[in-house]
Amino acid sequence: MSSIPADQPPARRAHPAGDDGAGGGSGGIGRRRVFNPLNVLLVLGLTAAAFLYPYYNEALQAIPLIGDFVPGVGAMVVMLVFTMMAVGLNIVVGYAGLLDLGYVAFYAAGAYMAAWFASQQFEQWRFHFGAVGISPELPGIHLSIWIVLILAGIFTTVVGILIGLPTLRLRGDYLAIVTLGFGEIIPQFVRNGDNIFGFDLTHGTFGISPIDSPGFGALGGGLLPESYQTSFERQSWFFWTALVLLLITIFCSVQLRDSRLGRAWIAIREDETAAAAMGIPLMRTKTWSYAIGAFFGGVAGAFYASFKSGAFPADFYFNISIFLLCMVILGGMGSVWGVIVGGMVLGYLNVEGLSTIGTKLNEAFFDPVFGKQIEVAKYQFGIYGAISVRMMLFRPVGLIPERRRRRELEEGVHDESLYDASSH
Amino acid sequence: MNRRRPGFVSALGLALVVLLVIWLVGNFVNSPSEFVNVLFIGLNYGAVYGLVALGYTIIYGILQLINFAHGDVFALSGLVSWTLLVSWLGITEDSAMLVTVAGILITLVVAMAFFAAVNAGIEFVAYRRLRSAPRLAALITAVGVSFIVQNVALAIYDVDFRSATGLIPRTDIFVAGGVSYQWNKLFVLLVTVPVLILLTWFVRATRQGKAMRATAQDRDAAAMMGINVNRTISISFALAGALAASAGLLYLLSFNMRYDTGFELGLIAFTAAVLGGIGNLTGALLGAFTIGLIQAFNEGLTWYTPGSDWTRSIVFGILIAILVFRPEGLLGERTPEGA
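The rules behind the values
Residues numbered from 1 in each chain as written. Chains lettered and ligands numbered in written order. Predicted model: local features only at pLDDT ≥ 70, side-chain atom pairs only at ≥ 80, totals over all residues. Helix = DSSP H or I, 4+ residues; strand = E, 2+ residues; numbered from the N terminus. Rg over C-alpha atoms; globule rule 2.2 N^0.38 Å. Buried ≥ 20, exposed ≤ 12 C-beta atoms within 10 Å, placed from the backbone. Contact = placed C-beta atoms within 7 Å. pLDDT = per-residue confidence, 0-100. Expected span 1.5 Å × (residues − 1). Pairing = 2+ DSSP bridges. Core = buried A, V, L, I, M, F, W, Y, C linked by C-beta atoms within 7 Å. Axes fitted to C-alpha atoms, helices over the stretch in contact; angles between N-to-C directions. Parallel < 35°, antiparallel > 145°, perpendicular 65-115°, else oblique. Nonpolar A, V, L, I, M, F, W, Y, C, P; charged D, E, K, R; others polar. Left-handed = near helix turned anticlockwise from the far one by under 90°.

1. Some thoughts on the overall build of chain B
Argument step 1. Looking only at helices and strands, one finds 12 helices and 2 strands in chain B.
Argument step 2. Against the compact-globule benchmark of 20 Å for 339 residues, chain B has a radius of gyration of 20 Å, which places it among compact chains.
Argument step 3. Its C-alpha atoms give chain B principal-axis dimensions of roughly 60 × 60 × 40 Å.
Argument step 4. Residue burial in chain B is summarised as follows: out of 339 residues, 49% are buried.
Argument step 5. Across chain B, every contact between residues at least 6 apart in sequence was considered, and the portion connecting residues at least 24 apart equals 74%.

Here it is, written out as structure tokens:
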């Protein structure tokens with residue numbers, strides 16, 4: 001609406017090779033990536049520390065005072081899965097600037113793929129392929145979870161494309177509403193899907209359980225567990241798998257951001273009209289961001305269903321979409337590292353942090369002072385809402401902003417045109 | 001770009017409408033009295049949705065912001081009305097009719113005033129700073145505020161349902177050949193119609209209403225003409241809050257409600273606003289009555305009807321279909337947003 005004052009630097013600069021001196025390659029966008037050895041060391045160190053977590057987790061929990069706040073390995077699995085979804089959502093919201101309020105739909109679709117292809121849901125058939133830890137006589141379709149993960153990703157990608165094609169033409173808040181609509185319809189479909197012309201597809205409100213566990217069967221050669229479920233270190237193996245999945249997601253996310261496609265997303269985010277004028281096919285590019293974001297949501301959903309050994313419709317409600325969005329906002333839209341931090345922090349609060357903090361607060365403060373207890377965890381979504389509002393009002397770039405994003409916000413590139421180009 | 005709709009899309013839309021008409025006629029022939037009774041229920045849904053949808057459409061018209069928090073303000077207002085009406089004024093089913101009506105009117109006025117202030121306050125605290133920020137930022141803030149308001153309701157009223165459905169008697173006004181109409185249904189319309197007339201008068205005939213329309217058309221130009229834009233926006237939010245409060249009270253008198261009632265109802269009302277053409281006051285009402293009737297038909301009719309399990313899917317299906325096929329809504333004008 002209002003034009004950019006004349007004394008501000010030009011909104012969209014050209015990007016000569018030397019312009020973005022991306023230290024460590026995290027803020028870079030060009031092909032030229034500068035690897036700062038210090039950063040590489042940091043990332044490697046963090047990864048190693050993360051892999052060893054199951055070994056020192058108990059030692060951390062034994063520390064007086066702060067030990068109570070250390071999450072267990074099982075809680076960590078949930079945190080990693082949600083962080084993976086947040087990184088996936090970041091591709092849609094952060095890179096391409098499309099507000100998706102229905103990401104939970106992909107999570108649900110992934111979880112139900114696992115439920116269909118690795119459980120006894122379809123008792124009328126018996127098909128086994130690479131499934132581990134269960135009797136080969138068991139009815140139902142039982143594929144290896146590794147195959148199911150890929151299938152779930154492909155399935156949600158297709159769902160994402162199908163949802164995206166008619167809706168991505170809409171801009172800004174209309175798109176948000178449509179995605180929200182899909183995020184509401186899919187759970188309801190799942191809930192009512194126990195009798196589709198007499199066919200029990202989703203087992204209704206009861207959900208589908210149990211779901212097979214991952215494992216390596218005979219391929220593991222004694223080193224890797226045959227099946228996680230029967231393994232002595234069940235939680236640790238799920239943890240390591242989740243970590244590997246998250247690392248793959250991060251790797252893909254960073255690679256995508258710096259690819260031709262990723263640069264097209266960012267161009268669309270900054271100025272749709274200009275991007276279209278530069279020859280970027282808007283619909284195709286946007287649909288790809290939606291589809292790829294959906295892929296990671298589906299894989300994460302399928303893995304999580306396998307971890308929980310069930311897919312239940314009560315898990316897929318609107319608040320989850322907002323929760324994931326809040327992770328992205330807290331960390332910084334478009335910033336992979338920020339989103340990881342945001343995801344881990346909020347994931348921790350969600351899994352056990354809030355109830356731990358609530359218990360401590362009740363013991364130390366509310367009980368002695370007011371004589372009553374407050375269930376902090378009950379208000380979790382109010383807290384996430386407050387975090388979103390606070391971030392948007394005072395630090396819209398997030399905790400760890402992406403360099404380029406901050407420049408956009410500071411220089412006013414966005415000024416209306418970012419999400420609201422008037423034509424394409 | 002003014003996209004020409006492909007022929008098959010129009011054909012698809014037409015086919016859907018034809019199917020809908022066949023379904024309605026089939027139901028009418030199947031059981032006329034049931035059809036009319038359900039129609040009356042639909043009008044009541046429509047009235048409540050309309051009051052909430054107007055709030056969405058007013059704010060969208062002025063700020064181009066989907067005020068997500070609106071549905072939750074509605075729910076909170078209904079619960080606060082319950083406190084006023086049942087706890088403070090002590091109205092029960094045994095109260096004399098005049099006392100009940102007076103109590104409801106007092107509650108209505110107090111709740112409308114209070115939530116006008118609350119809604120204007122929300123705008124002042126949460127949205128005003130973001131007026132020149134990207135719209136995504138304002139939208140995310142609105143979602144955040146929605147959760148905050150919902151949790152305020154949760155903190156005060158916990159997860160229990162509240163209702164005052166017995167206050168207006170459900171006795172029949174008339175019964176004719178299987179068709180009946182009850183006092184509680186009439187009462188909803190008796191409150192809605194004057195509120196709507198007042199609103200129309202305010203927007204059409206007062207200076208402030210004129211300022212609102214001008215601001216909605218072009219905020220910068222309105223400011224240049226000497227209109228106090230900040231005050232106009234505050235007043236719009238106050239108006240929306242008052243409408244939400246009236247809807248909250250009416251809903252309380254007809255249904256059970258609790259802290260999260262507003263989320264789904266808000267989305268339905270928003271769908272209504274989009275269906276009618278967002279930004280258009282008459283459109284919002286038209287959309288609301290359409291959605292209300294569809295919901296009532298879906299839940300009340302018996303001839304090839306999906307049933308209440310699918311209401312939400314149907315409403316959102318309509319929302320998606322409209323946004324995809326006819327983003328300007330039934331009465332709206334084509335905007336760049338949907339092109």
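2. What to know about the confidence of the model for chain A
Where the model shows low pLDDT, its predicted coordinates should not be examined in detail.
Argument step 1. Here chain A averages 81 in pLDDT, and 87% of its residues register 70 or above.
Argument step 2. Predicted confidence for residues 413–424 of chain A stays below pLDDT 50, and this span has 39 contacts to residues more than four positions away or in other chains.

3. Here's the deal with helix α12 (residues 311–325) of chain B
Argument step 1. End to end, α12(B) covers 21 Å across 15 residues, agreeing with the expected 21 Å (1.5 Å per residue, within 8%).
Argument step 2. Considered for burial, the residues of α12(B) that qualify are B:Arg312, B:Val315, B:Phe316, B:Ile318, B:Leu319, B:Ile320, B:Ile322 and B:Leu323.

4. Re the pairing of strand β2 (residues 179–182) of chain B
All names here are of chain B.
Argument step 1. Note: strand β1 (residues 172–176) against β2, 4 bridges, orientation antiparallel. Note that in β2 the partner of alanine 176 across the bridge is valine 179.
Argument step 2. Here β1 folds back onto β2 in antiparallel fashion, the turn holding 2 residues, of which glycine 177 has a positive phi close to 55 degrees.

5. Let's talk about the nonpolar core
Argument step 1. Of all hydrophobic cores here, the largest spans 221 residues; its most connected members are A:Val81, A:Met85, A:Met113, A:Ala114, A:Val148, A:Leu324 and B:Ala269.
Argument step 2. In this structure A:Leu324 touches A:Phe82, A:Met85, A:Ala86, A:Leu89 and A:Tyr103, once residues within four positions along its chain are discounted.

6. With respect to the packing of helix α6 (residues 183–205) of chain B against helix α9 (residues 229–254) of chain B
Residue and element names in this part refer to chain B.
Argument step 1. For the pair α6 and α9, the least separation of the axes is 10 Å and the interaxial angle reads 175 degrees. Comparing their axes, α9 and α6 come out roughly antiparallel. For the pair formed by α6 and α9, the contact residues are Asn184, Val188, Val191 and Val195 on the first element and Ser246, Leu250, Leu253 and Ser254 on the second.
Argument step 2. Split by residue class, the contact of α6 with α9 holds 5 nonpolar, 3 polar and no charged.

7. Digging into the packing of helix α3 (residues 69–88) of chain B against α9(B)
All names here are of chain B.
Argument step 1. Remark: α3 packs on α9, axes separated minimally by 7 Å, with the N-to-C direction vectors making an angle of 55 degrees. One element, α3, and the other, α9, form an angle in the oblique class. As for the relative orientation of α3 and α9, their crossing is right-handed in sense. Residue-level contacts link His70, Val73, Phe74, Ala75, Ser77, Gly78, Ser81 and Trp82 of α3 to Ala240, Gly241, Ala244, Ala245, Ala247, Gly248, Leu249, Tyr251 and Leu252 of α9.
Argument step 2. Residues of the contact of α3 with α9, tallied by class, amount to 11 nonpolar, 6 polar and no charged.

8. Looking at unusual backbone geometry
All names here are of chain A.
Argument step 1. Residue proline 210 is bonded to the preceding serine 209 through a cis peptide linkage, with omega at -5 degrees.
Argument step 2. With respect to the helices and strands, the residue proline 210 is situated in the loop between α6 (172–192) and α7 (234–258).
Argument step 3. A positive phi angle, near 55 degrees, is found at serine 309, a position not held by glycine.
Argument step 4. Turning to its location among the elements, serine 309 is positioned in the loop between α10 (282–308) and α11 (318–331).

9. Things to note about the environment of A:Met391
Residues and elements named next belong to chain A.
Argument step 1. Its place among the elements puts methionine 391 in helix α13 (residues 380–394).
Argument step 2. Remark: the alpha-carbon pair of methionine 391 and leucine 330, spanning 61 residues in sequence, is separated by 6.7 Å.
Argument step 3. With residues near it in sequence (within four places) discarded, methionine 391 still touches Ile329, Leu330, Pro396 and Gly398.

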